Amino acid sequence: MSAVYKDEQEDWLTVCLKYLLFVFNFLFWVGGAAVLGVGIWTLVEKSDYLSLLASSTFAVSAYILILAGGLVVVTGFLGCCAVIREQRSCLSTYFFCLLFIFLIELVAGVLAYVYYQRLSEELKQHLNQTMTENYAQPGKEDITLAVDRLQQDFKCCGSNNSHDWIVSVYISSKQAEDRIVPDSCCKTITPHCGKRDHPSNIYKVEGGCITKLEQFLADHLLVIGAVGIGVACLQCLLP
């Protein structure tokens, strides 16, 4: 009688463990979907701005999150199969993958946090130089497109202010055709509208594009860091 009771108890524990693993697996999937979504959102939304940054840390953090999110999807499937078939070797692989994903997400979160700390200094040192030296220059089409989109999306003109364009290579060249600022500074873009820099014609934003871009990137980095480190800690605590 005791043997039968013991077998029933073991069966009950096995069922409980199965359901528990399924719950863990579901939570990992949700976390993985969040990580994958944040990574894709970071790269897709206004990804043109990445060419204006001196380092690739911002993009690398997003790519790492996409990799981690994709691995979670695959690992989640592996975990379901391991639980259903009760294969210990698959379960061992499953938990090894979770550890690997945990490390990847942690790295992405830390990178985002570190980059967030020095973002302002990098933009101040690099953005003005990039805009004034590379705008509308041969082979720098990606930067030209990024600057035009930046000024139109954030309704700003110049790195710090519109006067930054006076010393730019583009405005000093014949290509500018007597423009004072690029046409993308204009509130309503028309051919050669950059010849007049009156506040009624162009954007005059205090702090220039640096302030706008810094806030935009900082918001994204906070989300990347929070999701990366948060989900990694969740995965660490659940098992």
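Quantities reported herein were computed from a predicted structural model and do not represent experimental measurements.

Engineer: Outline the overall build of the protein, listing residues and values.
Structural biologist: Looking only at helices and strands, the protein features six helices and zero strands. Going residue by residue from the N terminus, the α and β elements of the protein occur as α-α-α-α-α-α. A burial count over the protein gives 41% of its 239 residues as buried. For the protein, the exposed surface amounts to about 13,000 Å²; the carbon and sulfur share of it is 64%.

Engineer: Any details on the environment of Glu 177? Residues and values, ideally.
Structural biologist: Here Glu 177 shows up in the loop between helix 5 (169-172) and helix 6 (208-237). By relative accessible area, Glu 177 is classed as partly exposed at 41%. Excluding residues that lie within four positions of it along the chain, Glu 177 makes contacts with His 192 and Lys 195.

Engineer: I'd like a description of the state of the cysteines, backed by residues and values.
Structural biologist: By definition, a disulfide is the covalent link that joins the sulfur atoms of two cysteine residues. Tallied over the full model, the rule gives three disulfides. Two residues share a disulfide in this structure: Cys 157 and Cys 185, whose sulfurs sit 2.1 Å from each other. Here the disulfide of Cys 157 and Cys 185 is right-handed, its torsion about the S-S bond being about 85°. With a gap of 28 residues between them, Cys 157 in the loop between helix 4 (141-153) and helix 5 and Cys 185 in the loop between helix 5 and helix 6 connect regions that are remote in the sequence. There is no split in this pair, since Cys 157 and Cys 185 are both buried. Sulfur-sulfur distance for the disulfide between Cys 186 and Cys 193 comes to 2.2 Å.

Engineer: How would you summarise a nonpolar patch on the surface if you had to cite specific residues and measurements?
Structural biologist: Taken together, the side chains of Val 23, Phe 26, Leu 27 and Val 30 make up a nonpolar region of the molecular surface, amounting to roughly 340 Å² of accessible area. Position of Val 30 among the secondary structure elements: in helix 1 (residues 2-44). Val 30 gets classed as partly exposed once you look at its relative accessible area, which sits at 43%.

Engineer: Tell me about helix 4, residues and numbers included.
Structural biologist: End to end, helix 4 covers 18 Å across 13 residues, agreeing with the expected 18 Å (1.5 Å per residue, within 8%). When helix 4 is considered as a whole, its buried residues turn out to be Ile 143, Thr 144, Ala 146, Val 147, Leu 150 and Gln 151. Along the axis of helix 4, the buried residues cluster in a sector spanning 165°; they form a single face. Across from the buried face of helix 4, at angles greater than 90 degrees, the exposed residues are Glu 141 and Leu 145. Phi turns positive, to about 55°, at Lys 155, one or two residues after helix 4.

Rules and cut-offs
Residues numbered from 1 in each chain as written. Predicted model: local features only at pLDDT ≥ 70, side-chain atom pairs only at ≥ 80, totals over all residues. Heavy atoms only, no water. Helix = DSSP H or I, 4+ residues; strand = E, 2+ residues; numbered from the N terminus. Buried < 20%, exposed > 50% of the residue type's maximum accessible area, 1.4 Å probe, protein only. Areas by Shrake-Rupley, 256 points an atom, 1.4 Å probe, with all protein chains shown as cover. Contact = heavy atoms within 4.5 Å. Disulfide = S-S within 2.5 Å. Patch = residues over 30% accessible without salt bridge, like charges linked within 9 Å, V, L, I, M, F, W, Y side chains within 5 Å. Salt bridge = Lys/Arg side-chain N within 4 Å of Asp/Glu carboxyl O. Expected span 1.5 Å × (residues − 1). Arc of directions from axis to C-beta.

Interpretation in functional terms is not warranted from these geometric data alone.
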